[in-house]
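Spelled out from the first residue to the last, the chains are:
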Amino acid sequence: MHSLGEYFDEFTHRDWQTLDPTAVDDTVRLAVVGLGWFTREWALPGIERSGFTEATVAIDIDSDAVATVADEHDLIGLTPEEFRNGVASEAYDAVYVATPNATHLEYAEIAADQGTALLCEKPLEASLDRARRLVTACNDADIPLMVGYRMQTDPAVRRLKELLREDFIGDVLHIHGTMSQMMLGELSEETDQWRLDSDLSGGCALMDLGIYPLNTTRFILDADPTEVYGHTRSEHDPFEEVDEHATFQLRFPDDVRALCSVSQNAQHASRLEITGTDGQLILDPAFYEREARELTLVRDGVESEIEFDPVHQLEEEFAYFGHHLLTDTSFVPDGEHALADMRILNAVYESAATGIPIAVE
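The rules behind each value
- Residues numbered from 1 in each chain as written.
- Predicted model: local features only at pLDDT ≥ 70, side-chain atom pairs only at ≥ 80, totals over all residues.
- Heavy atoms only, no water.
- Pairing = 2+ DSSP bridges.
- Helix = DSSP H or I, 4+ residues; strand = E, 2+ residues; numbered from the N terminus.
- Axes fitted to C-alpha atoms, helices over the stretch in contact; angles between N-to-C directions.
- Phe/Tyr/Trp six-rings, centres within 6.5 Å; stacked < 30°, edge-to-face > 60°.
- 1 Å grid on protein atoms, 1.4 Å probe; cavity = no way out; pocket = protein on both sides within 12 Å on 5 of 7 lines; lining within 4 Å.
- Points joined across faces, edges and corners; volume = space filled by probe spheres on them.
- Core = buried A, V, L, I, M, F, W, Y, C linked by side-chain atoms within 4.5 Å.
- Buried < 20%, exposed > 50% of the residue type's maximum accessible area, 1.4 Å probe, protein only.
- Domains from an automatic or database assignment.

Draft legend 1. Highlighting the sheet that holds strand β6 (residues 145-147). Read across the open sheet, the six strands follow the order β3-β2-β1-β4-β5-β6; overall the sheet is parallel. Looking at strand neighbours, the two that pair on one side only are β3 (76-78) and β6, the edges of this open sheet. Averaged over all neighbouring strand pairs, the angle between strand axes comes to 25 degrees, with direction disregarded. In terms of strand pairing, strand β2 (residues 53-59) meets β3 through three bridges, oriented parallel. In the strand pairing of β3, I59 is matched with L78.

Draft legend 2. Summary view of the packing of aromatic side chains. Tallied over the entire structure, the rule returns eight aromatic pairs. Ring plane angle 90 degrees and centroid distance 5.8 Å describe the contact between W37 and F38, whose orientation is recorded as edge-to-face. Three or more aromatic residues joined by ring pairs form one cluster here, namely W16, Y320, F321 and F331.

Draft legend 3. View of empty space enclosed by the protein. Counted according to the given criterion, the structure contains three cavities of 30 Å³ or more. The space that makes up the largest cavity amounts to roughly 40 Å³. K122, Y149, R150, M151, I211, Y212, N215 and T216 are the residues that line the largest cavity.

Draft legend 4. How the structure looks around the nonpolar core. Counting residues in hydrophobic clusters, the biggest one holds 80 residues, and the most contacted among them are L118, L124 and I274. Both of domain 1 (4-149) and domain 2 (155-310 + 334-359) provide at least three residues apiece to this core. Residues F38, A55, F318 and A319 belong to the second largest nonpolar core, which totals 31 residues.

Draft legend 5. Geometry of unusual backbone geometry. Residue K122 is joined to P123 through a cis peptide bond whose omega torsion reads -15 degrees. The omega torsion of the bond from D284 to P285 falls at -10 degrees, within 30 degrees of zero and hence cis. Within the secondary structure, P285 is located in the loop between β12 (279-284) and β13 (294-299). In this structure, D74 takes a positive phi of about 55 degrees despite not being glycine. With a phi close to 60 degrees, D167 is a non-glycine residue in the positive phi region. Mapped onto the secondary structure, D167 falls in the loop between α7 (155-165) and β7 (172-182). Residue D167 is classed as partly exposed on the basis of its relative accessible area, which comes to 46%.

Below, the structure is given as structure tokens:
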């Protein structure tokens, strides 16, 4: 077993990186589709900081947002129709889609038609059927597809996975993952928004937040659940079309269980606990991109708290994307990986509707 120093002396080490960003002559130029708060506050700074990418084109249905972002970042501003028609296609090498879930497919199909690499935000789409169509479009066009699971490129989560691989806590028995926020206070006061529209979102607490503990657990265990058991509920008028709260249990091979709870209307918090036969690992806060975190390690009756400087999670995600395109390396969070999440989420909703455990196909 490696010493803890090997894991944490260089905590932000990119174990996937083989290319020196200072030696890169041409970065991956990105057309950014969807200019909401997440893109403006996190994605665009991440693209600029990554060392392997740069934004060159901005696209949105809101012409005012396009004009503002294009002016602030010196980008080419396009309407979706201009993007569809190939205007300024020579100005970008890849497309980043950060629009409402149910619109991912249409922009992915444009990227596929243009033969352009794609980074699509999670969840892949608003329904399993549309997600399958998205992956098929990319496969048929033979374009690289990565899905934006930023936790997979976050060093803290990658170190967790290494510790599990080294049996630091023995055999994993169970995992608890939580994520909650006051959505209508933290993201927007408006109730007329896409996350509350079931046609655009496909769901709310589970689709928007549940995917974090779900996918992170799949990633660190390097396994997929075989059965799920879920419960959803909504108590307030703005959430009448979608799930306000969700709790679900995942059954993995070797009977490892994960219990996840998420809410769009609760105290802001996130936490990931992994308990094994010989110890425990706790990441708290776990999933939000704008918070400093601490990793607690428990073994042999000794508890150690590891403090580390947080990275810019979107910087890491875009660095990974650009680096793997430049080195012609396959992405781990690809379309098939994301489809597994969609099948699991679909099964959780089915379980919540029927009240019985559902096998994941």
